[in-house]
Amino acid sequence: MSSYKVSAMIGVFAALAAFAIDQITKAIVVANAVTLSAGISVFPGFNLVFYRNDGVTFGMLGGAPWWSLIALALAICVWLGVMLFRAENAVETLAYGAIIGGALGNVIDRVRYRAVTDFLDFYIGTTHWPAFNMADIFVVSGVGLLLAAPWISARRSIKS
């Protein structure tokens, strides 16, 4: 199998894994929504909660038509899918896959609930970071990995 196909398969596997992890964790949260609505303290600075967010990152675009956010996310996923198959190395395909899987996980929520299920609540004192979910973690981590990809690839080629 060519390295092109191996790299693309890494990205596809990353998308599937990110999507599955996101959906499994959200199913657990939804099944325990009554308990989590009040919040459960895991340790100081971290709660598990149940929250539905009809916006995007940090609630931006809250109140926008749900279908418009789905259309936007799907258009971005198509573009990222093209980029995944054009990527020059496995690091980039892994990053694109993580972003796509996370984005599609949130799209499924928007289709089912017209909002995204958030459940991770970090805080310091009385100041809470906006709640988020595993899809958000995969999207942010994928973007970070994509930004670091040129340096990671350069280090790998120096060692070769």
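Residues numbered from 1 in each chain as written. Predicted model: local features only at pLDDT ≥ 70, side-chain atom pairs only at ≥ 80, totals over all residues. Heavy atoms only, no water.

The name given to the chain in an unreviewed UniProt entry is Lipoprotein signal peptidase, and the organism recorded there is Pseudodonghicola xiamenensis. The UniProt entry for the chain carries this comment under Sequence similarities (unreviewed entry): "Belongs to the peptidase A8 family." Turning to the chain, the UniProt record has this under Catalytic activity (unreviewed entry): "Release of signal peptides from bacterial membrane prolipoproteins. Hydrolyzes -Xaa-Yaa-Zaa-|-(S,diacylglyceryl)Cys-, in which Xaa is hydrophobic (preferably Leu), and Yaa (Ala or Ser) and Zaa (Gly or Ala) have small, neutral side chains." (UniProt positions renumbered as here; feature names shortened; annotations may be inferred.)

Participant: Can you explain the UniProt feature "transmembrane region" (unreviewed entry) in the chain? Please cite residues and give values.
Facilitator: UniProt tags residues 30–51, 63–85 and 131–152 as "transmembrane region" (unreviewed entry). For residues 30–51, the helix share is 32%, the strand share is 45%, and the end-to-end C-alpha distance is 10 Å. Spanning residues 131–152, this segment combines 86% helix with 0% strand, and its end C-alpha atoms are found 31 Å apart. (Helix = DSSP H or I, 4+ residues; strand = E, 2+ residues; numbered from the N terminus.)

Participant: Before we move on, could you go through the UniProt feature "active site" (unreviewed entry) in the chain and cite the residues and values that matter?
Facilitator: Under the UniProt annotation, "active site" (unreviewed entry) lies at D118 and D136. The named residues occupy 19 residues along the chain; their greatest pairwise C-alpha distance, 9.1 Å, places them in one compact cluster. The class for D118 is buried, based on a relative accessible area of 2%. Among all residues touching D118, those that are not within four sequence positions of it are V49, F50, Y51, N53, A131, F132, N133 and D136. By the secondary structure assignment, D136 is in helix 5 (residues 134–159). Sequence-distant contacts of D136, defined by excluding residues within four places in its chain, comprise N106 and D118. (Buried < 20%, exposed > 50% of the residue type's maximum accessible area, 1.4 Å probe, protein only. Contact = heavy atoms within 4.5 Å.)

Participant: Account for the environment of F119, with residues named and values stated.
Facilitator: By the element assignment, F119 lies in strand 3 (residues 116–124). Expressed as a C-alpha distance, the spacing of F119 and A87, which sit 32 residues apart in the sequence, is 33 Å.

Participant: So what about the pairing of strand 1 (residues 40–43)? Which residues, and what values?
Facilitator: As defined by bridge partners, strand 1 adjoins strand 2 (residues 46–53) across 3 bridges and the pair is classed as antiparallel. Residue pairing in the sheet places F43 in a bridge with F46 of strand 2. (Pairing = 2+ DSSP bridges.)

Participant: Would you mind going over unusual backbone geometry in detail, with residue names and values included?
Facilitator: If you check the backbone angles, R114 has positive phi at about 65 degrees while not being a glycine. With respect to the secondary-structure elements, R114 resides in the loop between helix 4 (90–113) and strand 3. Overall, R114 belongs to the partly exposed group, its relative accessible area being 40%.

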